[in-house]
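An overview of the molecular structure
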Amino acid sequence: MGKREKNILIAFILFAFGMLAKKYNTYIEIILLIAAYITVGKSVLLKAFRNIKRKEIFDENFLMTIATLGAVIIGEYPEAVAVMLFYEVGELFQSYAVSKSRKSIADLMDIKPKYANVIRNDKIETIEPDEVKLGEIIEIRPGERVPLDAVITKGCSTLDMSSLTGESLPFEVEEGMSILSGSVNTSGLIQAKVTKEYFDSTVNKILDLVENAAGRKSKSERLITKFSKIYTPIVVILAFLLATLPPLTFDSSNWKEWILRALAFLVVSCPCAFVISVPMSFFGGIGAASSSGILVKGGNYLEALADIDTIIFDKTGTLTKGVFNVQKIELYDSSLDKNKFLELVALAESSSNHPISKSILKCYKKEVNKNDIQEIKEIPGKGIEAIVKNSRIVIGNEKLVDVPKELNIDESGTTLYVSINDKLSGYIVIADEVKATAKKDIENLKNLGITKTVMLTGDNEKIGKKVANELGLDEVYTNLLPADKVYKFEQILNTKINPKKKIAFVGDGINDAPVLARADVGIAMGAIGSDSAIEAADVVIMTDELQKIVSSIKIARKTIKIAIQNMTFAFVIKVIALALSALGIASMWEAVFADVGVTILAVLNSFRALKVEK
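The text that follows walks through the structure, step by step, so that each part is easy to find. Fair warning: this is a prediction, and the values are worked out from it, not measured in the lab.

The subject of this paragraph is unusual backbone geometry. A positive phi is found at Lys365, a non-glycine position, where the angle reads about 65 degrees. Counting through the fold element by element, Lys365 comes out in the loop between helix H12 (355–364) and strand E13 (373–379). The exposure class assigned to Lys365 is exposed, which follows from its relative accessible area of 74%.

Structure, rendered in structure tokens:
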């Protein structure tokens, strides 16, 4: 039993004995009731006086102090104790509710590793994760949480990544594969080389993101804070007028009655329901999103998600799988065979991490000899220039490689033109696949009221229009360089019909950082382990599922709905109770029930935001 619970219990016993003593001895009654009042109310009284010293006068502690001390002064001891007692019971319930909400989120995001097993001098040392150095070998046993981002050097296993992605399916890993901190090793013993220190690890970035989310308040939360600062002084003035004006003007014989009404008015006016329930709604919404593998950086972004009417998509890795395969190799140079041609292209592409480059190396199937490479230069949005085996290789689109118009090449896929020693030698066709659920996910977004869906891509017009038509997108813009995407986004932003509505951009978080940062809501897809995504985006979706965007909007709208319900309910009940207390219909006992009751119901309603619709 905590200190608050003990004080409530002791005060309740003193209160009960005080009420019984009323029949026998008034002095004993007063002593017991004052003892009960001090026991249960001292924390509220101390807070009120401390806040007055800091010139932070008008809050619920101040209102409760004035109301109950006023009751004591006019001799209404039972009312003073009852008000403070029920107020503390309400506060106790509220603290339980907040703790439960925080614990629910903590359980969902319980990904912080508590230790790491490091191999040093052929011995295993168990130390704090932030003490492990880059490049050291760690051992992860079955059932343990991966402490740091690493690459497996020995063993194979399956990982439970549900805390990171919201998905329960196990992920199989083996030697050479990267593993992320926060996931749980469920089967085999593995050893791995640390690739990121704890400060830069995936788990630490995610925890920072979730912890800092509470600091980014929504407009609704900021409005409630401002409202409370204006509202509290007003009700204090109204209570003072209620206590003094009627007796001074028309009812001079009933000072005590009007003071009691004013004190009841003050009790009812406590803004607890407003101050607690709205932030808790957003806190619950952020927690619900986290449990689904959707990280929202603050209540302001959750609120913006609910107001989206236009979504702009990147293509590769967002609407498509981002897994490219070579579909066709066409040669124009008779002195080259396909193997020699592919070798030169693979050498030129070997230093790039672009999915297209990886698909060429995958098709080549051989180890690249780095000694054959003299120079490589990557040109964003165009291609690659390289010197390999003393030959000048240029690979890219028509902006980089001069393609005679008479060739009239019309391929369904990404076409890479290859020039060797300033002569067009052939081309390679690489195709990407649309995600299996993408069409259905776009339909679901439109069913949610998204009025415009747009795709921006660096691919040619034929590929872009093919994907857009297949998915049912409203607009598509092709042949865009990274800088062009920002320009096109600005154009769409400046021409939106409803200025109150928000525009979201969805990208893979690597090449799209400028647009992600510029959007009202930047959503990074498949961002697990991607530093640039976590940095640039407002909403980070840890998997590559478009369905999570649908889920995030539903969660956001549900959260806003609950927050509005709480504000409306609290306001209506407060107005009714204030009117009843001013008219003398509601006593101080009923006033405290109204205040505590509204707060409890609003907090309980906020719990609904934590529940995720499957």
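So much for the structure itself; the text now carries on.
On to the sheet that holds strand E14 (residues 383–388), then. Strand pairing in a sheet is mediated by backbone hydrogen bonds. Such pairs are either parallel or antiparallel. Taken in spatial order, the six strands line up as E12-E17-E16-E15-E14-E13 in an open sheet, and their pairing is antiparallel. The open sheet has two edge strands with one neighbour each: strand E12 (325–331) and E13. In this sheet, adjacent strand axes meet at a mean angle of 15 degrees when their direction is disregarded. Of the strand pairs in this sheet, E13 and E14 are connected by six bridges, and their pairing is antiparallel. Note on E14: the bridge partner recorded for Ile379 is Gly383. Contacting E12, E13, E14, strand E15 (391–396), strand E16 (414–420) and strand E17 (423–431), helix H11 (residues 338–349) crosses the sheet at an angle of about 110 degrees to E14.

Turning to the packing of helix H13 (residues 438–447) against helix H18 (residues 547–582), a few remarks are in order. Their axes nearest at 9 Å, the elements H13 and H18 cross at an angle of 20 degrees. Taken together, the axis directions place H13 and H18 in an arrangement best described as roughly parallel. Regarding H13 and H18, the two cross each other, and that crossing is left-handed. Contacts between H13 and H18 involve Asp441, Asn444 and Leu445 from the first element and Gln547, Ile549, Val550 and Ile553 from the second. Partitioned by chemical class, the residues of the contact of H13 with H18 number four nonpolar, two polar and one charged.

Rules used in this analysis
- Residues numbered from 1 in each chain as written.
- Predicted model: local features only at pLDDT ≥ 70, side-chain atom pairs only at ≥ 80, totals over all residues.
- Heavy atoms only, no water.
- Helix = DSSP H or I, 4+ residues; strand = E, 2+ residues; numbered from the N terminus.
- Buried < 20%, exposed > 50% of the residue type's maximum accessible area, 1.4 Å probe, protein only.
- Pairing = 2+ DSSP bridges.
- Axes fitted to C-alpha atoms, helices over the stretch in contact; angles between N-to-C directions.
- Contact = heavy atoms within 4.5 Å.
- Parallel < 35°, antiparallel > 145°, perpendicular 65-115°, else oblique.
- Left-handed = near helix turned anticlockwise from the far one by under 90°.
- Nonpolar A, V, L, I, M, F, W, Y, C, P; charged D, E, K, R; others polar.

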